[in-house]
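Listed below, chain by chain, are the residues.
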Amino acid sequence: MTTTTPPIKKSAPAASKPQRIRRGSVIGSTGLYIATGVAAFLFLIPFYLIVRNALSTDAEITGDTWKFFPTDIQWGNISELFSDNTVPFATSLWNSTVVGVAHTVGVLLVCSLAGYGLARIPYKHANKIFYLVLVTLMVPAAVTFVPSFVLVSSLGWVSSFRGLIIPGLFSGFTCFLFRQYFLGFPKELEEAARVDGLGYWGAYWRVVVPNSLNFFAAIATITFIQGWNAFLWPLVIGQDQEAWTVQVALSSYMTNQTVNFHLIFMATAISILPLVLVFLFLQRWLVQGVAQTGIKG
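In this text, all values refer to a predicted model and were calculated from it rather than measured experimentally.

Novice: I would appreciate a short explanation of the pattern of salt bridges in the present structure.
Specialist: Pairs can form between side chains of opposite charge whenever their charged atoms are close. Scanning the entire structure with this criterion turns up one salt bridge. As a salt-bridge pair, Glu190 and Arg120 come within 2.6 Å of each other at their nearest N and O atoms. Taken together, the residues span a long stretch of sequence, with Glu190 in helix H9 (residues 187-195) and Arg120 in helix H4 (residues 89-120) at a distance of 70 residues.

Printed below as a string of structure tokens:
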């Protein structure tokens, strides 16, 4: 008796998975690049308008016809801006630089020490103090504005760098960020420092700070931008022209009688240039530092 073997069925060739994955990744990457390009274009439109109007005349800015760029570039707007006797723009740039740098250094020093103490130094009331710091985040700035001004005025700090800088040296939110970051900092490094005879102060300066430069740079960038863009407090404290910051000087170009459009845009272009340079120089550390914040503990 002979047996016959059933014929072997050949399966149809299936589509290659790697090709489908590769095709999907190409489509996804293309869509991502398109979306990024559109977003970048939209974000750059205000900068284009600022530069375009800064190099134009008032007639071209407010005219009915629109040109992509002025026919006759007005480079003289720069010299006119700095030679204007009614607004000390050069002095305001210097004041903003001093205030921004001092504010940044002060906030980093005060808030990092406070955050490190709350995260590392054992103290039975540490959590209570931390909760009090969090409570300050819930108090609107408008509530403390008038008492802060009365205190600064009574100390004679009106129209001075002390009045512009010192009241803003402590930030509850920045202290919170430092505490959360230090809670995730490796304790082994600090324990090795204590074996070498260092206390909390020595471990902070010699171990913690050198190994946390990315986070410090991120906080420094955000703090400097915040101090540079501050308007309401410098407007109230800087009552003399010699104490004006750049934001206060910008507002003076728009009055009830006249509006100097070309000077407003030129002053705006020059005032945002330091922020752009700081961001471009520290953007890598900014991204890494924010990623290392570690909302935990």
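Here the narrative resumes, following the displayed structure.
Novice: Is there a simple way to think about the packing of aromatic side chains in this case?
Specialist: Between two aromatic rings, the relevant description is the distance of the centres plus the angle of the planes. Applying the stated criterion to the full structure yields 17 aromatic pairs. In textbook terms, an aromatic cluster arises when at least three aromatic residues are bridged by ring pairs, as seen for Tyr116, Phe178, Tyr181, Phe182, Trp201, Tyr204, Trp205, Phe215 and Phe216.

Novice: Looking at this structure, how should I read the nonpolar core?
Specialist: Burial of nonpolar side chains together is a common tendency in soluble globular proteins. If you look at the biggest cluster of nonpolar residues, it comprises 25 residues, and the most contacted ones within it are Phe178, Phe182 and Phe216. When residues of this core are traced back to their parent elements, those giving at least two are H4, helix H5 (126-136), helix H8 (172-183), helix H10 (200-208) and helix H11 (213-229). Residue contacts for Phe182: discarding those within four places in its chain leaves Ser112, Gly115, Tyr116, Ala119, Arg120, Tyr204, Val208, Ser212 and Phe216.

Novice: Hey, could you run me through the environment of Leu49 in this one?
Specialist: On the secondary structure map, Leu49 appears in helix H1 (residues 17-54). Spatially, the C-alpha atom of Leu49 lies 9.9 Å from that of Ala269, the residues being 220 residues apart in sequence. Dropping the residues within four chain positions of it, Leu49 is found in contact with Trp66 and Phe265.

Novice: Explain the packing of H4 against H10 here, please?
Specialist: Each pair of packed helices can be summarised by the angle the axes make with each other and by the distance between the axes. Two elements in contact, H4 and H10, have axes separated by 12 Å at closest approach and are oriented at 115°. As H4 packs across H10, the resulting crossing turns out to be right-handed. In this structure, H4 contributes Leu109, Ser112, Leu113, Tyr116 and Arg120 to the contact, and H10 contributes Tyr200, Trp201, Ala203, Tyr204, Trp205 and Val208. For the contact of H4 with H10, the residue count by class is nine nonpolar, one polar and one charged.

Novice: Where do I start with the packing of H4 against H8 in this structure?
Specialist: Running from N to C, H4 and H8 cross one another at 50°; their axes reach a closest spacing of 7 Å. By the criterion of interaxial angle, the relationship of H4 to H8 is oblique. Note that H4 runs across H8; the crossing there is right-handed. Where H4 approaches H8, its residues Val107, Leu108, Cys111, Ser112, Ala114, Gly115, Tyr116, Leu118, Ala119 and Arg120 are matched on the opposing element by Thr174, Cys175, Phe178, Arg179, Phe182 and Leu183. Tallied by class, the residues present in the contact of H4 with H8 amount to eleven nonpolar, three polar and two charged.

Novice: Help me out: how do you make sense of a nonpolar patch on the surface in this one?
Specialist: A grouping of Ile34, Val38, Phe41, Leu42, Ile45, Leu49 and Trp66 is seen on the molecular surface, where their side chains present a nonpolar patch of about 690 Å² in accessible area. Looking at the secondary structure, you find Phe41 in helix H1.

Novice: Sorry if this is basic, but what is going on with unusual backbone geometry here?
Specialist: Keep in mind that most residues, glycine aside, have a negative phi and that most peptide bonds are trans. The backbone of Ser159 sits at a positive phi, close to 60°, despite the residue not being glycine. Along the chain, Ser159 turns up in the loop between helix H6 (141-154) and helix H7 (161-165). On the basis of relative accessibility, which here comes to 22%, the residue Ser159 falls in the partly exposed class.

Novice: Just checking my understanding: could you explain the side chain of Asn77 for this structure?
Specialist: Here Asn77 lies in helix H3 (residues 76-83). A distance of 2.8 Å separates a polar side-chain atom of Asn77 from the backbone oxygen of Ala54. Once residues lying within four places of it in the same chain are set aside, the contact partners of Asn77 are Ala54, Leu55, Ser56, His262, Leu263 and Met266.

What counts, and at which threshold
Residues numbered from 1 in each chain as written. Predicted model: local features only at pLDDT ≥ 70, side-chain atom pairs only at ≥ 80, totals over all residues. Heavy atoms only, no water. Salt bridge = Lys/Arg side-chain N within 4 Å of Asp/Glu carboxyl O. Helix = DSSP H or I, 4+ residues; strand = E, 2+ residues; numbered from the N terminus. Phe/Tyr/Trp six-rings, centres within 6.5 Å; stacked < 30°, edge-to-face > 60°. Core = buried A, V, L, I, M, F, W, Y, C linked by side-chain atoms within 4.5 Å. Buried < 20%, exposed > 50% of the residue type's maximum accessible area, 1.4 Å probe, protein only. Contact = heavy atoms within 4.5 Å. Axes fitted to C-alpha atoms, helices over the stretch in contact; angles between N-to-C directions. Left-handed = near helix turned anticlockwise from the far one by under 90°. Nonpolar A, V, L, I, M, F, W, Y, C, P; charged D, E, K, R; others polar. Parallel < 35°, antiparallel > 145°, perpendicular 65-115°, else oblique. Patch = residues over 30% accessible without salt bridge, like charges linked within 9 Å, V, L, I, M, F, W, Y side chains within 5 Å. Areas by Shrake-Rupley, 256 points an atom, 1.4 Å probe, with all protein chains shown as cover. Polar contact = N/O pair within 3.5 Å; in protein donor to acceptor, adjacent residues only side chain to side chain.

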